[in-house]
Amino acid sequence: MIRPFLELKGVSKVFPGVKALDAVDLEIYPGEVHGLIGENGAGKSTLIKILTGAHKHDAGQIFIEGQEIKILNTKKAMELGITAIYQELNIVKELSVYENVFLGREIKKNNGKSVFLDINLMKEKSRQLLSELGQNIDPGVNIGTLGIGKQQMVEIAKALSVQTRLLIMDEPTSSLSGKEVRELLKTVKELKNKGIGIIFISHRLDEVMEICDRITVMRDGKKITTMLAREATVDELIKLMVGRSLEQQFPKIKVTRGEEILRVEKLTRQGVFKDVSFSLYRGEILGIAGLVGSGRTEVARAIFGADELDSGEIYIKGQKVQIKSPKDAMKYGIAFLTEDRKGQGLVLDNTVDFNMNLAVYDKDKSMLLDLKKLKELTMKNIKKLNLNPPSASFIVRQLSGGNQQKVVIGKWLNTNASIYIFDEPTRGIDVGAKVEVYNVINELVAGGAAVIMISSELPELLGMSDRIIVMSEGKVTAELMRDQANQENIMRAATGGV
């Protein structure tokens, strides 16, 4: 009988006011792809941090090949053969591929006795590791010049360079194109065949069911069940995750379209997008579809004043305006929820209260802030967004990815904007939290605001948009009303077809 590589028995972890893990049992076998799913705040991130040595568990036992061990730090985890690849890649973009693979573990000449680095050996080992993953990447090239998919392959190569026996993949496909996803899943199968155990964390349940052997569902810090992937259904998994039946995945409401609130004409930024024109109306959700590199995000950033335009005009409520900075955009009632919540949307080491009020601190022109009023705004949004834990003083870095996203949304809700640009609003968010975000968007348009939703998930765009424009290579290639849009004609337009 095969013995588990990793076994958890009754593992618990408590933070102030929150029981993050409650007596969790888990077994991972060599050569097994084990799906770990659950809503944001279910305890997945805490479990992973314990396994990688970032947190210490408060109770319970951890066994490696039958022997109880203590994972005191990340170095100890790596010595045990446990490594992780996170949704936000842990790379230094200014360094080369081989320098990233051996970062912090550089090989020195003369079997480590010399003070000089053995660059040729590091390049050769990097080339060999990447070749085993089916990648023909030059180890000397700057990693920042590679696409996200290739950068992720370098991360996997780095993990394999330390004799990984258990690889944890946290939302590995969330930023990848369709082709890159297929390549990654193929790599996962190859790693499995080599006997490496894999914990695969994803909110994309179709991928989990395709690639995993078994699936463990977590909710509220507890393990709900472990089942064979081949015996699971999406509906069953969703019900186990959220503890209730999810009757409607996309709760679209019908709102009467109002007057034009935004119009852009021939927006151009050389080499990025060209002659982009469209209108947006009160009460409308306008979806923007397109493949990675189509210019979707760049157009949004230009409208918000984050990037400079070479030419084109922007009209707000029929009046031509000059938007040279995000501050100008906010003055005209535009809010922009960026796709990079950690890098551009949050101050991670500050509180929920601080972050939710970042965009309104200068609204009051007096010298003193009305802290009581700001706290009331925060608590109102915490309740509306179902933040977990529901604390204004909680440090944002300690929240799960989905709850961090809710904080960013709350920040922009406080501005009472009339135009909301949501770039990948549900990336890395579980199915239950997605519905909560959709309901917030419904409230906005029902109240007379207008929403631009940029998303890589076509079912989301089809389920929530009143109208969809499609971009390809920096140009608008199609405009489709809700009843005209389907995945086929969107993809045809997104790939340059007619």
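Reading guide: rules and limits
Residues numbered from 1 in each chain as written. Predicted model: local features only at pLDDT ≥ 70, side-chain atom pairs only at ≥ 80, totals over all residues. Heavy atoms only, no water. Helix = DSSP H or I, 4+ residues; strand = E, 2+ residues; numbered from the N terminus. Contact = heavy atoms within 4.5 Å. Areas by Shrake-Rupley, 256 points an atom, 1.4 Å probe, with all protein chains shown as cover. Lys, Arg positive; Asp, Glu negative; His and termini not counted. Charge placed at Lys NZ, Arg CZ, Asp CG, Glu CD. Buried < 20%, exposed > 50% of the residue type's maximum accessible area, 1.4 Å probe, protein only. Polar contact = N/O pair within 3.5 Å; in protein donor to acceptor, adjacent residues only side chain to side chain. Pairing = 2+ DSSP bridges. Salt bridge = Lys/Arg side-chain N within 4 Å of Asp/Glu carboxyl O. Axes fitted to C-alpha atoms, helices over the stretch in contact; angles between N-to-C directions. Phe/Tyr/Trp six-rings, centres within 6.5 Å; stacked < 30°, edge-to-face > 60°. Lys NZ or Arg CZ within 6 Å of the ring centre and 35° of its normal. Expected span 1.5 Å × (residues − 1). Core = buried A, V, L, I, M, F, W, Y, C linked by side-chain atoms within 4.5 Å.

A. Representation of the overall build of the protein chain. What the protein chain contains, in helices and strands, is 17 helices and 20 strands. For the protein chain, the spread of C-alpha atoms along the principal axes amounts to about 70 × 50 × 50 Å. Restricting the contact set of the protein chain to residue pairs at least 6 apart, pairs at least 24 apart contribute 67%. For the protein chain, the exposed surface amounts to about 23100 Å²; the carbon and sulfur share of it is 49%. Considering the protein chain, the positive charge centre built from 69 side chains and the negative charge centre built from 64 side chains are found 2 Å apart.

B. Spotlight on the side chain of T83. Inspection of the secondary structure puts T83 in strand 6 (residues 82–85). Residue classification places T83 among the buried residues on the basis of a relative accessible area of 8%. A distance of 2.8 Å separates a polar atom in the side chain of T83 from a polar atom in the side chain of T164. What T83 contacts, discounting residues up to four positions off in sequence, is M78, A159, V162, T164, L166, L167 and I168.

C. A look at the pairing of strand 20 (residues 475–481). Across six bridges, strand 19 (residues 467–472) lies against strand 20 in antiparallel orientation. Counted as the bridge partner of I468 is L480 from strand 20. Between strand 19 and strand 20, which follow one another and run antiparallel, lie two residues, and E473 among them has a positive phi close to 50 degrees.

D. Spatial organisation of the pattern of salt bridges. What the rule picks out here adds up to 29 salt bridges. When the shortest N-O distance is used, the salt bridge between R301 and D307 registers 2.8 Å. Its relative accessible area of 16% is what places D307 among the buried residues. Across the pair E457 and K434 runs a salt bridge whose closest N-O atoms are separated by 3.1 Å.

E. Local environment of the sheet that holds strand 2 (residues 18–28). Read across the sheet, four strands follow the order 2-1-4-5 without closing on themselves; strand pairing throughout is antiparallel. Among the strands making up the open sheet, the edge pair consists of strand 2 and strand 5 (67–68). Sheet topology note: the strand 1 (residues 6–15)/strand 2 ladder contains seven bridges and is antiparallel. Its bridge partner lying in strand 2, K13 is registered against L21. Across the sheet, helix 1 (residues 44–51) touches strand 1, strand 2 and strand 4 (59–64), and the angle it forms with strand 1 is around 115 degrees.

F. Fine view of the environment of M241. Of note, M241 is situated in helix 8 (residues 234–242). Those residues within four positions of M241 in sequence are excluded, and the remaining contacts are I37, G38, E39, L205, V217, M218, R219, D430 and V431.

G. The arrangement of the environment of I143 in detail. One can find I143 in the loop between helix 4 (119–132) and helix 5 (148–160). Overall, the relative accessible area of 0% leaves I143 in the buried class. Separated by 164 residues in the primary sequence, I143 and D307 place their C-alpha atoms 24 Å from one another. Setting aside residues no more than four positions away along its own chain, I143 makes contact with I91, V92, K93, L95, S96, V97, N100, Q151 and V154.

H. Representation of the environment of G463 within the structure. Position of G463 relative to the elements: it lies in helix 16 (residues 458–464). Residue classification places G463 among the buried residues on the basis of a relative accessible area of 12%. Residues G463 and Y281 lie 182 residues apart in sequence; the distance between their C-alpha atoms is 18 Å. Filtering out sequence-adjacent residues up to four positions away, G463 remains in contact with F250, K252 and R482.

I. Layout of the packing of aromatic side chains. Enumeration over the complete set of coordinates arrives at four aromatic pairs. Note on F304 and F336: the rings are 5.4 Å apart at their centroids and 55 degrees apart in plane angle, and the pair reads as tilted. Here F304 is found in the loop between helix 9 (296–303) and strand 14 (311–316), whereas its partner F336 is found in strand 16 (residues 334–337), with 32 residues between them in sequence. Exposure class is identical for F304 and F336. Each is buried. With a centroid separation of 6.0 Å and an interplanar angle of 20 degrees, the aromatic rings of Y420 and F422 are classed as stacked. The class of Y420 is buried, set by a relative accessible area of 3%. Members of the aromatic cluster, joined through ring pairs, are F304, F336 and W412. The side chain of K9 reaches across the aromatic face of F63, ending 5.1 Å from its centre.

J. A look at helix 14 (residues 401–413). Compared with the 18 Å implied by 1.5 Å per residue over 13 residues, the 19 Å span of helix 14 between its first and last C-alpha is a close match. Counting buried positions over the 13 residues of helix 14 gives twelve, a clear majority of the element. Of all the positions in helix 14, only G402, N403, Q404, Q405, K406, V407, V408, I409, G410, K411, W412 and L413 are classed as buried.

K. Geometry of the nonpolar core. In terms of nonpolar packing, the biggest core is built from 76 residues, with L262, F278, I334, V352, Y420, I452 and V470 touching the most fellow members. It is helix 15 (residues 431–446) that provides the largest number of residues to this core, a total of seven residues. Each residue touching L262, except ones within four places of it in the same chain, is listed here: F278, S279, L280, I314, Y315, I316, I419 and I452. In terms of nonpolar packing, the next biggest core, distinct from the first, is built from 48 residues, Y98, M153, L185 and L237 among them.

L. The arrangement of the side chain of R467 in detail. With respect to the element layout, R467 can be found in strand 19. Taking the relative accessible area as the measure of exposure, R467 reaches 3% and is therefore buried.

M. A look at the sheet that holds strand 3 (residues 33–38). Spatial ordering of the open sheet is given by 6-7-8-3-9-10, a layout of six strands whose pairing is mixed. Of all strands in the sheet, those with a lone pairing partner are strand 6 and strand 10 (222–228), marking the two edges. The average angle at which neighbouring strand axes cross in this sheet is 20 degrees, direction not considered. Judged from the four bridges that link them, strand 3 and strand 8 (residues 197–201) form a sheet pairing that is parallel. Bridge assignment links V33 to a residue of strand 8, and that residue is I198. The strands that helix 8 touches are strand 3, strand 9 (214–219) and strand 10; relative to strand 9, the one it contacts most, it runs at about 30 degrees.

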